[in-house]
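Chain by chain, the residues:
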Amino acid sequence: MVIGLTQIKGLGFNFATAILDILKIKPNSNIGNLTDENVQAIEKLILDPIASNVPVWFINRRKDIETGTDLHLLTSDIPFTLRNDIERERVTVSWRGYRHLSGLKVRGQRTRTSGRRGGAVGVAKGGLAAPVKKGGAGAPAADAAAAPAAAAPAAAAAPAAAAPAAKPEEKKK
């Protein structure tokens, strides 16, 4: 029952549990076992929760701006009312309206590091990478390029001979 009622947009777990407690229906029972009277009582309570002594803090729209009454919105009324509220703030040119227009956070959160969607904030990368200078870091040395090919095998044998001497020192550590 509880899970079935929470599938209705605008009814949460706590509100569904409160409905079942008020109507004295077991929360773990199946929806298919409800009688017609139970279904009508649930519908009546969902449509007018204030008349059924549901606590006011369960209501999802307290002190509506247009009517001044407490309402509980369901299904498609929720996004419709939200769009109207945002549009009203834009028209009145409030600070929240400006934030909504800009797509920024509205409730005072920080925006320096969080809430980044869209364009990146920070240092922009400049065009192409700088060309490598001759003889700079990463460039082959001029002496090695001029060395004859015969000296290369002798140079390769020298590091191979030095490598076994380094291994015993590593074992000592």
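Conventions we followed
The written sequence of each chain sets the order in which its residues are numbered from 1. Local features in this predicted model are restricted to residues whose pLDDT is 70 or higher, and side-chain atom pairs enter the listing and the counts only when it is 80 or higher, whereas totals over whole chains, interfaces and linings include all residues. Water and hydrogen atoms play no part in the side-chain values, which are based on all heavy atoms of the structure. A helix here means a DSSP run of H or I that spans at least four residues, while a strand means a run of E at least two residues long, and both kinds are numbered starting from the N terminus. Note on exposure labels: buried denotes an accessible area under 20% of the residue type's maximum, exposed denotes more than 50%, and partly exposed covers the range between, all computed with a 1.4 Å probe on protein chains only. Any pair of residues with heavy atoms lying within 4.5 Å of one another is described as a contacting pair. Accessibility throughout is a Shrake-Rupley quantity obtained with a 1.4 Å probe, and a residue counts as covered only by protein chains that appear here. Charge convention: Lys and Arg are scored as positive, Asp and Glu as negative, and His as well as the terminal groups of each chain are ignored. A pairing counts as a salt bridge when a side-chain nitrogen of Lys or Arg comes within 4 Å of a carboxyl oxygen of Asp or Glu. Only the stretch in contact is used when a helix axis is fitted, and all axes are lines through C-alpha atoms; the angle between N-to-C directions ranges over 0 to 180 degrees. Under this scheme an angle from 65 to 115 degrees is roughly perpendicular, one under 35 degrees roughly parallel, and one over 145 degrees roughly antiparallel; angles in between are oblique. We call a crossing left-handed when the near helix sits turned anticlockwise from the far one by less than a right angle, and right-handed when that turn is clockwise. Only Asp, Glu, Lys and Arg are considered charged in this grouping, and only Ala, Val, Leu, Ile, Met, Phe, Trp, Tyr, Cys and Pro are considered nonpolar; every other residue, Gly among them, is considered polar.

Comments concerning the overall build of the chain
On a plain count of helices and strands, the chain comes out with seven helices and zero strands. Reading the chain from its N terminus to its C terminus gives the helix and strand order α-α-α-α-α-α-α. Burial statistics for the chain: of 173 residues in total, 16% are counted as buried. Put simply, 37% of the contacts in the chain that link residues at least 6 apart link residues at least 24 apart. Surface summary for the chain: the accessible area is close to 13,900 Å², and the carbon and sulfur share equals 58%.

A word on unusual backbone geometry
Its identity as a non-glycine residue notwithstanding, N53 has a phi of 60°, on the positive side. Note on placement: N53 falls in the loop between helix 3 (36-47) and helix 4 (77-91). On the basis of relative accessible area, N53 is assigned to the exposed category, the value being 69%. One non-glycine residue, K63, lies in the positive phi region at around 55°.

A word on the side chain of R99
Within the secondary structure, R99 is located in helix 5 (residues 95-102). Within the buried core, R99 has no salt-bridge partner, and the shortest N-O distance to an opposite charge, that of E89, equals 10 Å.

Notes on the packing of helix 4 against helix 5
Direction vectors running N to C along helix 4 and helix 5 enclose 110°, while the axes themselves pass 7 Å from each other. Relative to helix 5, the element helix 4 is oriented roughly perpendicular. As for the relative orientation of helix 4 and helix 5, their crossing is left-handed in sense. Contact with helix 4, carried on its side by I86, E89 and R90, involves R96, G97, H100 and L101 of helix 5 and no other residues of that element. For the contact of helix 4 with helix 5, the per-class residue count stands at two nonpolar, two polar and three charged.

Quick word on the pattern of salt bridges
In the structure shown here, the tally under the stated rule is five salt bridges. Note that R61 is salt-bridged to D85, the shortest N-O span being 3.0 Å. Placement of the pair is R61 in the loop between helix 3 and helix 4 and D85 in helix 4, with a sequence separation of 24 residues. In terms of burial, R61 and D85 fall into one category: buried. Between R88 and D85 there is a salt bridge; the shortest N-O distance is 3.0 Å. Of this pair, R88 and D85 both sit in helix 4, separated by three residues, roughly a single helical turn. Salt bridges linked by common partners bring R61, D64, D85 and R88 together as one network.

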